[in-house]
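An overview of the molecular structure
Here is what each chain is made of, one letter per residue.
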Amino acid sequence: MLLLIPGPVTTRPEVRHALTRDIAPWDNDFRVFMAHLLTRIQRLAGASDSEHATLPLQGCGHFVTEAALRTFLPPGGRILIPETGAYGNRMIRLTREAGRVAVPLPVGMAARTDPAAVARALADDPTLTHVGLVYSETGSGVVHDVRAVGEVVRAAGRRMIVDAVSAFGALPLDLSPMPEVDAAVFTANKCLEALPGIGFAVARIDRLLESGDNAGSWSFDLADIYASALRSGPGSFRFTPPAQILAALDVALDALEIEGQGARLARYTANMRTLYDGVAELGLTPWLPASLQGPIIVNVHAPDDPAWNLQAFVDSLKSRGFLISNFYNTPTPTFRVGCIGAITPADMAGAVGAIDAALREIGVIHREAIQA
């Protein structure tokens, strides 16, 4: 079964095999291993040893995003968040429920964040200390220009938090020339092609030291994670980590190192193009125009046919060896297909054939898009 979802992704056999060994996370050998693993991740982020720390947090991307918001924004702090889609909206909700003030910037799901609009919003409201941006909006498939937005944030003397959850490991990220970024957050189970259960923040050390007791949560306090590592030594955890998941991640990083980040992005892009062009040839309509379509996930308009049923379609695809999401985040009905993980363009070509067969099986004749 191939997981054609934007995480958890299809993994290599050797990554899964790494889960089979029992590991004691408080053992000194594990701490040495963990310190090395964090160094590998920090290198991928283009981060500086003297200026950045890579901080692990058990859980999903939602957890580490909340931790960054709590750590770097004081209670009542104000952050501008472009409304890029479901995950931009998630950042807005996390901010508000943490007792901070989220100021939405209208963008739309089928558009990229305009750096000039960010600059105007910051100029109009000097109380905004931060901008929170989703790098790859998993709800829509649009990739936003983190570097360009960061430039206007830096010019305005403000700070930035980057949700790189579905971007890190494939899309480029170099934090060294981006001192405005307090933290970039991501997880192991998407473009790193590992398994769910652990998130990371690559954060500026000076900002961690300045954050004090902002978090209001022991669990979600990145500054406390950093302070604990200083006290207990590199590779240590405050609470029990998913040790086997981390072992699998180390193997997944080996695979990324062999393939190369540029080659991984090229493979994902080829996966996306095979799917995007393939569904169009079937008479279906991709949700985004080609000029906006990113390499991580493709949404496809649901066909305007009374026989269309998303769950029935998902079940039919599953019987053919391809599993996709049974929900969508777009304003009009779609089905979404992930292009990441240990899959190839040949796999995606097989998925296109399975999509055609599944539509026939559930009785869909008309494949034109449902009109809004």
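Refer to the structure printed above.
Each chain carries its own residue numbering, running from 1 in the written order of its sequence. Given that the model is predicted, a residue must reach a pLDDT of at least 70 before its local features are reported, and side-chain atom pairs must reach 80 or more before they are shown or counted; all residues, however, enter totals for whole chains, interfaces and linings. Calculation of side-chain values draws on the structure's entire complement of heavy atoms; hydrogens and water are dropped beforehand.

**Some remarks on the overall build of the chain**
As a reminder of what qualifies: Secondary structure elements follow DSSP: runs of H or I of four or more residues count as helices, runs of E of two or more count as strands, with numbering from the N terminus. We compute the radius of gyration over the C-alpha atoms and compare it with the globule rule, which gives 2.2 Å times the number of residues raised to the power 0.38. Accessible areas in this description were obtained via Shrake-Rupley with a 1.4 Å probe; residue shielding takes into account the shown protein chains only. Positive: Lys, Arg. Negative: Asp, Glu. His and the chain ends are not part of the count. To locate a charge, the coordinates of NZ of Lys, CZ of Arg, CG of Asp or CD of Glu are taken.
Check the secondary structure of the chain and you find 12 helices and 11 strands. Relative to the compact-globule value of 21 Å for 372 residues, the chain shows a C-alpha radius of gyration of 21 Å, a close match. Projected onto the principal axes, the alpha-carbon positions of the chain cover approximately 65 × 55 × 30 Å. About 14200 Å² of surface is accessible on the chain, with carbon and sulfur atoms providing 55% of the total. Across the chain, the 31 positively charged side chains and the 38 negatively charged ones have centroids separated by 2 Å.

**Observations regarding the packing of helix α5 (residues 115–124) against helix α6 (residues 146–155)**
Condition: Angular values range over 0 to 180 degrees, each being the angle between N-to-C directions of two axes fitted as lines to C-alpha atoms, with helices fitted over their stretch in contact. The cut-offs work like this: below 35 degrees is roughly parallel, past 145 is roughly antiparallel, 65 to 115 is roughly perpendicular, and the gaps in between are oblique. Put simply, a crossing is left-handed when the front helix is turned counterclockwise from the back one by less than a right angle, and right-handed when it is turned clockwise. Only heavy atoms matter for contacts: two residues are in contact if any of them lie within 4.5 Å across the pair.
Viewed as axis vectors pointing N to C, α5 and α6 meet at an angle of 25°, and their least axial separation amounts to 9 Å. Judged by the inter-axis angle, α5 sits roughly parallel to α6. Of the two elements, α5 crosses α6, and the hand of that crossing is right-handed. When α5 is examined against α6, the residues Pro-115, Val-118, Ala-119 and Leu-122 are found in contact with a partner set consisting of Ala-148, Val-149, Val-152 and Val-153.

**Some thoughts on the sheet that holds strand β3 (residues 78–83)**
Strand-to-strand pairing in sheets goes through backbone hydrogen bonds, with the strands running parallel or antiparallel. Put simply, the rule is: The pairing criterion is simple: DSSP has to find at least two bridges between the two strands.
Strand order in the open sheet formed by 7 strands is β2-β8-β7-β6-β5-β3-β4, with mixed pairing between adjacent strands. Pairing within the sheet leaves two strands with one partner each, and these edge strands are β2 (52–58) and β4 (101–106). Here the strands of the sheet are splayed against their neighbours by 20° on average, with no regard to which way each runs. Alignment of strand β5 (residues 130–134) against strand β6 (residues 159–163), held across 5 bridges, turns out to be parallel. The residue of β6 that forms the bridge with Val-134 is Asp-163. Lying over the sheet, helix α8 (residues 222–232) contacts β2 and β8 (198–204), oriented at roughly 110° with respect to β2.

**Digging into the environment of Arg-43**
Here is the rule we go by: The buried label applies to any residue whose accessible area, calculated with a 1.4 Å probe on protein chains only, is under 20% of its type's maximum; exposed applies above 50%, and partly exposed to all values in between.
Along the chain, Arg-43 turns up in helix α2 (residues 28–44). Of the residues examined, Arg-43 reaches a relative accessible area of 47% and is grouped as partly exposed. Along the chain, Arg-43 and Cys-60 lie 17 residues apart, while their C-alpha atoms are 22 Å from each other.

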